[in-house]
Amino acid sequence: MTFRFSLQKILELRKTEAMDAQKQVNETQSSIFKLKELLEREKNLYFSDRDGLNIVVQKFEATEIKIYEKSLAIRQSKMMDLLKSIRDVQNELKIQERNLMQAKLNQRVIEKLSALREKEYEAEQTRNEQYLLDEMAALSFIKSRLEDESNE
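Residues numbered from 1 in each chain as written. Predicted model: local features only at pLDDT ≥ 70, side-chain atom pairs only at ≥ 80, totals over all residues. Heavy atoms only, no water.

*Asks:* I'd like a rundown of a nonpolar patch on the surface, residues and numbers included.
*Replies:* A surface patch of nonpolar side chains, about 320 Å² in accessible area, is lined by Phe141, Ile142 and Leu146. Note that Phe141 resides in helix H2 (residues 62-151). (Patch = residues over 30% accessible without salt bridge, like charges linked within 9 Å, V, L, I, M, F, W, Y side chains within 5 Å. Areas by Shrake-Rupley, 256 points an atom, 1.4 Å probe, with all protein chains shown as cover. Salt bridge = Lys/Arg side-chain N within 4 Å of Asp/Glu carboxyl O. Helix = DSSP H or I, 4+ residues; strand = E, 2+ residues; numbered from the N terminus.)

Here it is as structure tokens:
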């Protein structure tokens, strides 16, 4: 008879929870990376527009100055929104990382319990086998004694 862990379904559930938590962390990290790329692109566009504004200011082209100022304000607003989004997602990542750590801890607890139960099972099997061997030896001894007495 082989060892069968009574909480195997719970162990599988804990493993699934840990994998799902890891997947969420990975997806959130990817989102942060993408948001940072967007922020970098916006920042580059902002600096490009600012450089364009500087050229227009030097030429005293009033109509274009307003266009560049408006563009700069929009880009600055987008960058602020992206920074807020990055902070929000980073906070979410912290929560997800805590959830991941808890899920892995729960999984390790069940795995250790499983290992402990398996050792207990093996020890019980060993005791049962030894009991059977002892009983067989005792029966063999009794049988040989009875044979010896009948021969006398």
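Structure shown, so let's carry the discussion forward.
*Asks:* Kindly report on a negative patch on the surface, identifying the contributing residues and their values.
*Replies:* Together, Glu147, Asp148, Glu149 and Glu152 make up a region of like negative charge exposed at the surface. Relative to the helices and strands, Glu152 resides in the segment after H2. For Glu152, a relative accessible area of 80% translates into the label exposed. (Lys, Arg positive; Asp, Glu negative; His and termini not counted. Charge placed at Lys NZ, Arg CZ, Asp CG, Glu CD. Buried < 20%, exposed > 50% of the residue type's maximum accessible area, 1.4 Å probe, protein only.)

*Asks:* Outline the pattern of salt bridges, supporting the account with residue identities and numerical values.
*Replies:* Taken as a whole and assessed by the stated rule, the structure comprises 7 salt bridges. Of the charged contacts, one joins Arg75 and Asp49 as a salt bridge, the two residues approaching to 3.0 Å between their closest N and O atoms. Taken together, the residues Arg75 in helix H2 and Asp49 in helix H1 (residues 8-59) connect sequence positions 26 residues apart. According to the relative accessible area criterion, Arg75 is buried, its value standing at 18%. We classify Asp49 as buried; its relative accessible area is 13%. Across the pair Lys84 and Asp88 runs a salt bridge whose closest N-O atoms are separated by 2.9 Å. With a gap of 4 residues between them, Lys84 and Asp88 both fall in helix H2, about one helical turn apart. Owing to a relative accessible area of 46%, Lys84 belongs among the partly exposed residues under this scheme. Residues participating in the shared-partner salt-bridge network are Glu42, Asp49 and Arg75.

*Asks:* Could you give me a rundown of the nonpolar core, with the residues and numbers involved?
*Replies:* Within the largest apolar cluster, 10 residues are counted, these being Leu35, Leu39, Tyr46, Leu53, Val56, Ile65, Leu72, Met79, Leu82 and Ile86. Of all the secondary structure elements, the ones that give two or more residues to this core are H1 and H2. Not counting the four nearest positions on each side in its chain, Leu53 is found in contact with Ile65, Tyr68, Glu69 and Leu72. Of all hydrophobic cores here, the second largest spans 7 residues; its members include Ile32, Leu93, Leu100 and Ala103. (Core = buried A, V, L, I, M, F, W, Y, C linked by side-chain atoms within 4.5 Å. Contact = heavy atoms within 4.5 Å.)

Read these as layout, nothing more, since geometry by itself doesn't imply function.
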